Amino acid sequence: MFLTISTTGTPERPATDLGYLLHKHPDKAQAFSTSYGRAHVLYPEASVQRCTAALLLEVDTVALVRRGKGKGRGGAPDAALAQYVNDRPYAASSLLAVALSTVFSSAMKGQCNARPDLPERPLPLRIEVPALPARGGADLVRQLFEPLGWTVTVDAVPLDTEFPEWGDSRYVRLVLESEEGPTLAEALRHLYVLLPVLDDAKHYWVAPDEVDKLLRAGDGWLPDHPEQHLITSRYLSRRWSLTREARERLELVRLAEADDSAVEEIDNAVEDQGDPETGEPGTDGGTAAAEAVTGDAGEAVTSAGDEAVTPAGDEAVPLAVRRRDAILAALRDSGAGRVLDLGCGQGQLVQALLKDPRYTEIVGVDVSMRALTVAARRLKLDRLGERQAARVKLVQGSLAYTDKRLKGYDAAVLSEVIEHLDLPRLPALEYAVFGSARPRTVLVTTPNVEYNVRWETLPAGHSRHGDHRFEWTREEFRAWARAVAERHAYEVEFAPVGPDDPEVGPPTQMAVFTLSGTPHDKAAKTPVPKEEKAA
C-alpha cells in the first residue's frame, strides 16, 4: 500500500522543509520494520519548488494471518477466505495508519528540534491515497475530511475496467489538498484515525487503550466533528463500552473548551471513597462539586458541616441527610413525577428518588464523568431490572448551557450547586434552568454563611469547602432568588434546612420556585417551616 505527501515552496521557504518535518532526509531512501511488514520512505521529487514524500508499506501476509490467529481482515464480513486472498497488501487500512504513527511519530506530535518554527507553519499540502477502502462511498469520505479544512477529490475505482457494467468497487482514489489548512501534524493525525474508520476494520484486537490513542490523535478536531459518533464507533470496532467512554471524554473536552477551562477543572468530582453501593449518607455533590477536600495529613475529610451532627439537644442526624430529606419532602409536596437532579454528583439523591415509585422518570445530570461513574456503581445500573432501569438515566452536561434534553420535566433540583460557580456565570445557569428548561418546580439549596460561626472546626473567614466560589447570607440568597423568580415568572418560597438558630439562621437555606399559574395542592405543606414567600 502506498501514499504520498506533497508540498510546494519558494526560495525563502523551500519545499524540502518537508524533510525536516518528517524527520526523513530527502536524499535518502529509508526502511523501517513494522509488526506486519516493512515500511519504506523515499522522495520521488525534492526541489525548492516541489517536494513529495512517499510511504510504501510491504505487508507480510503470513505474519498478518499468524498474529491475527486466522481472523483475516480483522473480523470483516468477507473474512472466510481472507487469509488466502485479500486486499491487505494493497489497500490503505489500519496497517497503513499504524505505519504512519511508527515511521512519522515525531511529525505526528508536531516536534521538530532542528526547526522548531516549522510544525506550526501552514503548508500547502497534497496527500494522495491511490487505493482506499471506503465503506460508505465517496459521500462518507467527503463528510469525514471536508469539515477538517480539506478540498477532497474522490474517484471511485471500477470493479473491472474491462467490464464497466459491473459498476464500481468499494475502493476509491483519494486526494486531499489544502493551501493553508491543517498543519502536517494535524494531517497525519487525520489519516491515522480516518483510514481505519473508512475501512471499518482493524487488523488487531481493540483494547481499552485504543480510547486514549483516539483522543490523542483526535485532539483539536474530533470533539467538534459532525461525524464524531460514527468515527468513534468505527475506530473502536463498535465496542459499545469503549465507544461510550470515548464519547463521554470527548464531551468533557468540548465543555472544557467552551468554558475556557482545563478538563481537570471541569471533571473535579470527589475521589471514589468507600463503597458507593452502600448508599450511606455523604455529600450531595454538585456540578464538579462533591463536597470533600483533602486535609493537611492527606486524609479525605468531608466539607465542614455536611457530616456533622446537629447541635446538642437535637437528633444526631448529619446535615447532608437533613438536606436530602427536605428536598424529598418538597418534591412530594409539588406532586412531581419526572425529576431532574442537576449536579447529581455521586447519585445519593437519585438513589433516594429511585426508591419511591411516585417518581416515574429520574435524570441525573453532571459535568463530571468521574462522578457519573461513581453514581452508576452506586445505583447498580448494570443490575437493575428492566422497569427500574427505564425510570433512571445519567447524562453528562454543563448547567452553563441550554440543553433540550432537560425540557419538559416536573421538577429540578440544584442541591449545593450554585456556590461552586463563579458569580459571573450564574446568569447562564439561571437561563439554562429557569429560562430554557422551565420545570414546574425548582429546588435550590445553598449554605448559609451566617451559620459558619457555629462550626467549631471551621476557621474564621473560611468557606465550608475549598471549591466554593461564594457563600451567601440569608438576605443575599433571598435577593437573588426573588430576582430570578421575577425575571422568569416564578413564585418563590424559602425554608430552613437543619436547626434554625435564632441569631444566625439555619446551616442550609432552600428556595422552592413554582412556575406562576401552575396548579398545585395549596393545602400540602413542606415539613420544614417556611420563612417567607415572595412573588
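Keep in mind the model is a prediction, meaning the values are calculated, not measured.

(A) Representation of the nonpolar core within the structure. Counting residues in hydrophobic clusters, the biggest one holds 67 residues, and the most contacted among them are Phe 145 and Val 193. Considering every element that reaches this core, the biggest residue donor is helix α6 (residues 184–199), with ten residues. Discounting residues that sit within four places of it in the chain, Val 193 has contacts with Leu 214, Ala 217, Trp 221, Ile 231 and Tyr 235. The next biggest cluster of nonpolar side chains, apart from the first, holds 33 residues, and it includes Leu 340, Val 363, Val 365 and Ala 437.

(B) Region of the structure containing the pairing of strand β1 (residues 2–8). In terms of burial, β1 is a largely internal element, five of the seven residues being buried. In the sheet, β1 pairs with strand β4 (residues 50–59) via seven bridges, with the strands oriented antiparallel. Looking at β4, one finds that Phe 2 is bridged to Leu 56. Relative to strand β5 (residues 125–133), β1 runs antiparallel, the two being bridged by four bridges. Counterpart to Thr 4 in the pairing with β5 is Glu 128.

(C) Local environment of helix α11 (residues 319–334). With 16 residues, α11 should reach 22 Å at 1.5 Å per residue; the first-to-last C-alpha distance of 23 Å fits that figure. With twelve of 16 residues buried, α11 lies mostly within the body of the structure. Among the structural elements, β10 (338–342), α12 (348–354), β13 (411–415), β14 (441–447), β15 (490–497) and β16 (508–515) are those in contact with the buried residues of α11. Taken from the residues just after α11, Gly 335 is the one with a positive phi, measuring 75°.

(D) Up close: the packing of aromatic side chains. With the rule as written, the count across this model stands at eleven aromatic pairs. Centroid distance Tyr 451 to Trp 455: 5.3 Å. Interplanar angle 65°. Geometry classified as edge-to-face. Pair check on accessibility: Tyr 451 and Trp 455 agree, each one buried. Taking the centre distance of 6.5 Å and the plane angle of 85° together, the rings of Tyr 490 and Phe 513 count as edge-to-face. Taken together, the positions of Tyr 490 in strand β15 and Phe 513 in strand β16 put the pair 23 residues apart, joining distant regions of the chain. Residue classification places Tyr 490 among the buried residues on the basis of a relative accessible area of 2%. Judged by relative accessible area, Phe 513 falls into the buried class, the value being 0%. Through a chain of ring-to-ring contacts, the aromatic side chains of Phe 470, Trp 472, Phe 477, Trp 480 and Phe 494 assemble into a single cluster. Between the NZ or CZ atom of Lys 202 and the centre of the ring of Tyr 235, over which it lies, the distance is 3.3 Å. The ring of Tyr 409 carries Arg 338 above its face, with NZ or CZ at 4.2 Å from the centroid.

(E) Structural context of the pattern of salt bridges. Applying the stated criterion across every chain yields a total of 29 salt bridges. Salt-bridge contacts for Arg 126 lead to Glu 128; the nearest nitrogen and oxygen are separated by 3.2 Å. Given the relative accessible area of 25%, Arg 126 is considered partly exposed. Residue Glu 128 is classed as buried on the basis of its relative accessible area, which comes to 19%.

(F) Region of the structure containing unusual backbone geometry. Positive phi, close to 60°, is recorded for Arg 238, a residue that is not glycine. In this structure, Arg 238 sits in the loop between α8 (228–235) and α9 (240–258). Unlike most non-glycine residues, Arg 438 shows phi in positive territory, near 50°. Topologically, Arg 438 is positioned in the loop between α15 (426–437) and β14.

(G) The arrangement of the side chain of His 420 in detail. Mapped onto the secondary structure, His 420 falls in the loop between β13 and α15. Classification of His 420 as buried rests on a relative accessible area of 6%. Only 2.9 Å separates the side chain of His 420 from the side chain of Asp 467, close enough to count as a polar contact.

(H) Molecular detail of a nonpolar patch on the surface. Residues Phe 2, Leu 42 and Leu 56 make up a contiguous nonpolar surface patch of about 210 Å² in total accessible area. Structurally, Phe 2 can be placed in strand β1.

(I) Looking closely at the packing of α6 against helix α7 (residues 209–217). Running from N to C, α6 and α7 cross one another at 140°; their axes reach a closest spacing of 9 Å. Between α6 and α7, the residues in contact are Arg 189, Tyr 192 and Val 193 and Lys 213, Leu 214, Arg 216 and Ala 217, respectively. Considering only residue class, the contact of α6 with α7 consists of four nonpolar, no polar and three charged.

(J) Quick look at the pairing of β13. With respect to burial, β13 is a largely interior element, five of its five residues being buried. Here three bridges tie β10 to β13, and the two strands are oriented parallel to one another. Considered in β13, the bridge of Asp 341 is made with Val 413. Of the strand pairs in this sheet, β13 and β14 are connected by five bridges, and their pairing is parallel. Paired with Ser 415 across the two strands is Thr 445, which belongs to β14. Running through α15, the crossover from β13 to the neighbouring parallel element β14 is right-handed.

(K) Up close: α8. With six of eight residues buried, α8 is to be regarded as a mostly interior element. Those residues of α8 not exposed but buried are Gln 228, Ile 231, Thr 232, Ser 233, Arg 234 and Tyr 235.

(L) Region of interest: the environment of Ala 185. Topologically, Ala 185 is positioned in helix α6. The sequence separation of Ala 185 and Pro 119 amounts to 66 residues, and the corresponding C-alpha distance is 7.0 Å.

The rules behind each value
- Residues numbered from 1 in each chain as written.
- Predicted model: local features only at pLDDT ≥ 70, side-chain atom pairs only at ≥ 80, totals over all residues.
- Heavy atoms only, no water.
- Core = buried A, V, L, I, M, F, W, Y, C linked by side-chain atoms within 4.5 Å.
- Buried < 20%, exposed > 50% of the residue type's maximum accessible area, 1.4 Å probe, protein only.
- Helix = DSSP H or I, 4+ residues; strand = E, 2+ residues; numbered from the N terminus.
- Contact = heavy atoms within 4.5 Å.
- Pairing = 2+ DSSP bridges.
- Expected span 1.5 Å × (residues − 1).
- Phe/Tyr/Trp six-rings, centres within 6.5 Å; stacked < 30°, edge-to-face > 60°.
- Lys NZ or Arg CZ within 6 Å of the ring centre and 35° of its normal.
- Salt bridge = Lys/Arg side-chain N within 4 Å of Asp/Glu carboxyl O.
- Polar contact = N/O pair within 3.5 Å; in protein donor to acceptor, adjacent residues only side chain to side chain.
- Patch = residues over 30% accessible without salt bridge, like charges linked within 9 Å, V, L, I, M, F, W, Y side chains within 5 Å.
- Areas by Shrake-Rupley, 256 points an atom, 1.4 Å probe, with all protein chains shown as cover.
- Axes fitted to C-alpha atoms, helices over the stretch in contact; angles between N-to-C directions.
- Nonpolar A, V, L, I, M, F, W, Y, C, P; charged D, E, K, R; others polar.
- Right-handed = clockwise from strand over helix to strand, strands pointing away.

Read these as layout, nothing more, since geometry by itself doesn't imply function.
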